[in-house]
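Working through the structure, step by step
Below are the chains, spelled out letter by letter.
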Amino acid sequence: MIRLAIKDLRLFASDRRAIILSFVVPIALVTLFAFAFGGVGQKKGESRPATIVIADEDKSEASINVIAKLDSLKELEVYQTTRDSAEAMVKKGDETAVLVFHKGFADSVNAGTKLPVEFEYDASKEAEVGILQGSLIGNLMGIIGGKSMAKEAIANFDKENPSIEEDSRKRIHEQITQNFSSGETKKQSASFITSTPLIAEKQNSPGLIHAVAGTSVMMLLFSVVGMGVSLLDEKEQGTLKKLLYSPIRPDTILFGKMLYVNLISIFQLVIMFIFAKLAFGLDIMPHLTSLILMIIATAYACSSFGVLLASIAKSRQQVQAFSTLIVMIMSCIGGSMIPSFAMPVFMQKMSVFSVNYWSIQGFYDIFWRMLPLQDSTFLSRLVVLVLIGTTLNIIALIMFRRNILKIA
Amino acid sequence: MITVFNLCKSYDSIEALKGISFDIQKGEFYGLLGPNGAGKTTTISILSTILKPDQGEVTIAGFDLQKNPMECKKHIGVVPQELALYNDLTAYANLQFWGSLYDISATTLNTRIDETLHLFGLYDRRNDKVKTYSGGMKRRINIASALLHRPDVLFMDEPTVGIDPQSRNLIFEVMEKLHKEGMTIVYTTHYMEEAERLCNRIGIIDKGRIIAQGTLDELKSSSDIDETIMITFSNLTDTHYDRLAESFDVSKAGDHAIRFISKAVQRDLSVIILKCHEAGLDITDVSIQKINLETIFLRLTGKQLRD
């Protein structure tokens, strides 16, 4: 029994693929998921700053001061721009929310009335919106309701009312101070700023869109690897060599394989979206043209990945060893498993290297953000997917000529 | 139909072909024989356009192989040694696919598929998946798939390896029929009897060179041997062999037998037996073999064909 076990251990030790699958792949995935879900890479107690885009339409001393104080907070990363630009960023999915300081902000601060501050957000990013809202309301309460703001309001009051009687001035000063620090104001925190969903709730829930798009793309990547591997099967079965005897150009063999993988990929995605419509009511009909284009671009990019892997690898076993790792990494950083906005910043930055990211964002553009076909953001995602596909296909062709055709 | 001149090919530091030259006329059944590593597969790979030579010239059906490989491909059919078929497709679907790679109309192709299936005795099984076929049936479909475009030249690389006698005979009959119809066939095999039965001209290749070429009769007449005497012993050792090799032209035929090459068996046999007794060898069997391809090959290469 021990001899049998030792023999199997020896065989295992000599099987590089088994070692990679047993140790390297799990270690790599554990590391990746630890970064994505477990907050690894952050110091204890430290949370990554949430980004808020601010549009200051008041441009008063008060609004500038408040924005500067928000910017100085560790938990917030503030980015200022015009309201139109900020809203466009949110609508296109680049940012989660915009905080608008409307005209009259300074007057409201002085008068102690409801502040004309509006929090406009993308409801699809529910978790991030919640974090931002909580952080902003708390900090704004602290800043605007703090002693500093009270002092500022008193100073403004004194400046504008220099001839008021001293007794009245004291009473009003006390009232202002009380207004800024009263528990009553804090209780009214929910209505402290106005919250408006910039992208209105629609029939297609962001969760459903994410589930369909994220899962479809991830599963497609697994499928295309299997399909691409048929190229290596042809090599191992001798049919590739036999194809080379026939009067077709060697590159045509690869192009034929690419066409096959593309067609199956398109079909797979179409089936997934039809299923999502029938089973979960995903409303695909109003966006049919955009959806078809995004499906074709996604299928093109994903299939090129499958064909590339098959062109680089020397055997089916080699592909199987590495494809699981690569697809899992791409799916994780690209947002197939969890939405990319919920991941650490460095992983969000890495997500652009994943087919999943561009594809999922494209499907969000269609079903959630309702971007028209001509919209530059939507088109840019299509272009990126096509570029990814073309680049990978070119590399696949070079590798095919170098690796696969050396069979004689 | 095929001219090969000064063909050279090296793999890193190994010279697989050292400037071989030969011609094959239209309608010839040409056997290319050689031990493993002699350069047969390299030659066939170059002639079938999937390997580029380092040097040399090849023309097939009047087309320069290097300048016009696509035209050459249209005129050749290749039956590789390995079974190159799609096992999950039916025989008919396989033939339809392989035939569709050539410029044949769908109607003509379908007619040819039916004819070819009848020819190879597989028409009744045409709609069965190839994976359900026996080894011999797969071999037949493998050959059939190379014939649909009616090539001028057919390259066959050991097409009968590992098959049953029934399939082998059927393949021979088809090959002979195609040859009679005027097809040029280049055939490599490890089986001497196949080469003797099928080929009307034979080239023997060894260590990257063609060392002999001609019809079987030409090869026999050019050989310096007439017959071989095969003697089997019960106590043969290397010492015995070395001692006999000092006096006779011998080669080993397995662990217990020695092949003596002779130009006059009547004269040599008694001398050989006497020397064997003197060496202390115990003879268990004596046989005399007429000259054949096997003995010519052995004489030329020092190896048996299956070595």
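Because the structure is a prediction, the values reported are computed rather than measured.

This part is about the pairing of strand β6 (residues 76-79) of chain B. Residues and elements named next belong to chain B. The side-chain alternation of β6 yields two buried faces, one formed by Ile 76 and Val 78 and the other by Gly 77 and Val 79. Where β6 lies against strand β7 (residues 153-157), four bridges are found, and the strand directions are parallel. Along β7, the bridge assignment pairs Val 79 with Met 156.

What follows concerns the sheet that holds strand β5 (residues 63-64) of chain B. Residue and element names in this part refer to chain B. The sheet built from four strands is open, its strands ordered β2-β1-β4-β5 with antiparallel pairing. At either margin of the open sheet sits one strand with a lone partner, and together these are β2 (14-24) and β5. Two strands pair when backbone bridges link them, and strand β1 (residues 2-11) and β2 are joined in this way by eight bridges, in the antiparallel orientation. When the sheet's bridge partners are listed, Ile 2 is paired in β2 with Ile 24. Where helix α1 (residues 40-47) meets the sheet, it contacts β1, β2 and β4 (55-60), and its direction lies at approximately 60° from that of β2.

Listed by partner, the interface residues are 20 residues for chain B and 14 residues for chain A. In total, chain B and chain A occlude about 1,700 Å² of area from one another, counting both sides; carbon and sulfur atoms represent 67% of this. For the chain B face of the interface with chain A, the top three residues by lost area are Ile 50, Met 70 and Leu 101 of chain B, together amounting to 32%. Joining chain B to chain A, the criterion identifies one salt bridge. Of the charged contacts in the structure, one is a salt bridge between Lys 241 of chain A and Glu 82 of chain B, with a shortest N-O distance of 4.0 Å. Where chain B touches chain A, the interface holds five residue pairs in polar contact (both at pLDDT 80 or more). Sorting the residues of the side of chain B that touches chain A by element identifies α2 (69-75) and α3 (91-100) of chain B as the ones contributing at least two each. With three residues, α2 of chain B is the largest single contributor of residues to the side of chain B that touches chain A.

Side chains of Met 285, Leu 288, Ile 292 and Ile 296 of chain A sit close together on the surface and give an oily, nonpolar patch of about 340 Å² of accessible area. Inspection of the secondary structure puts Ile 296 of chain A in helix α14 (residues 288-312).

With that out of the way, let us pick up the sheet that holds strand β13 (residues 257-262) of chain B. Residues and elements named next belong to chain B. Sheet architecture is open: four strands sit in the order β12-β13-β11-β14, paired in antiparallel fashion. Of all strands in the sheet, those with a lone pairing partner are β12 (250-252) and β14 (283-290), marking the two edges. The average angle at which neighbouring strand axes cross in this sheet is 20°, direction not considered. For strand β11 (residues 227-233) and β14, the ladder comprises seven bridges, and the chain directions are antiparallel. Bridge pairing in β14 links Ile 231 to Val 286. Packing against the sheet, helix α9 (residues 238-247) makes contact with β12 and β13, and its axis sits at approximately 160° to β12.

Segmenting chain B into domains produces domain 1 (2-84 + 145-221) and domain 2 (226-290). Of note, the centres of domain 1 of chain B and domain 2 of chain B, computed from C-alpha atoms alone, are 36 Å apart.

Another point: the domain arrangement of chain A. Interfaces are frequently sized by the accessible area removed from exposure as the parts join. All names here are of chain A. Taken as a whole, chain A is organised into domain 1 (50-199) and domain 2 (206-407). For domain 1 versus domain 2, the separation of C-alpha centres amounts to 45 Å. On the side of domain 2, 11 residues touch domain 1, which itself brings 11 residues to the contact. Interface area, domain 1 with domain 2, both sides summed: about 880 Å², of which 58% is carbon and sulfur. On the surface where domain 1 and domain 2 come into contact, there are zero salt bridges. The tally of links from domain 1 across to domain 2 stands at one residue pair in polar contact (both at pLDDT 80 or more). Across the side of domain 1 that touches domain 2, the residue classes tally to three nonpolar, two polar and six charged.

This paragraph deals with the nonpolar core. One finds Leu 70 and Leu 99 of chain A together with Met 175 of chain B to be the most contacted residues of the largest nonpolar core, which totals 164 residues. Those residues in contact with Leu 99 of chain A that lie beyond four places of it in its chain are Ile 52, Val 53, Ile 54, Ala 55, Leu 70, Val 117, Glu 118, Phe 119, Leu 136, Leu 140 and Ile 193 of chain A. In this structure, Ile 229, Leu 244, Cys 276 and Leu 281 of chain B belong to the second largest nonpolar core, which totals 15 residues.

Looking at chain B as a whole, the pLDDT averages 86, with 97% of positions reaching at least 70. For this predicted complex, the interface confidence reaches an ipTM of 0.80, while the overall pTM sits at 0.71.

Reading the values: rules and limits
Residues numbered from 1 in each chain as written. Chains lettered and ligands numbered in written order. Predicted model: local features only at pLDDT ≥ 70, side-chain atom pairs only at ≥ 80, totals over all residues. Heavy atoms only, no water. Buried < 20%, exposed > 50% of the residue type's maximum accessible area, 1.4 Å probe, protein only. Helix = DSSP H or I, 4+ residues; strand = E, 2+ residues; numbered from the N terminus. Pairing = 2+ DSSP bridges. Contact = heavy atoms within 4.5 Å. Axes fitted to C-alpha atoms, helices over the stretch in contact; angles between N-to-C directions. Buried area = accessible area lost by both parts, 1.4 Å probe. Salt bridge = Lys/Arg side-chain N within 4 Å of Asp/Glu carboxyl O. Polar contact = N/O pair within 3.5 Å; in protein donor to acceptor, adjacent residues only side chain to side chain. Patch = residues over 30% accessible without salt bridge, like charges linked within 9 Å, V, L, I, M, F, W, Y side chains within 5 Å. Areas by Shrake-Rupley, 256 points an atom, 1.4 Å probe, with all protein chains shown as cover. Domains from an automatic or database assignment. Nonpolar A, V, L, I, M, F, W, Y, C, P; charged D, E, K, R; others polar. Core = buried A, V, L, I, M, F, W, Y, C linked by side-chain atoms within 4.5 Å. pLDDT = per-residue confidence, 0-100.

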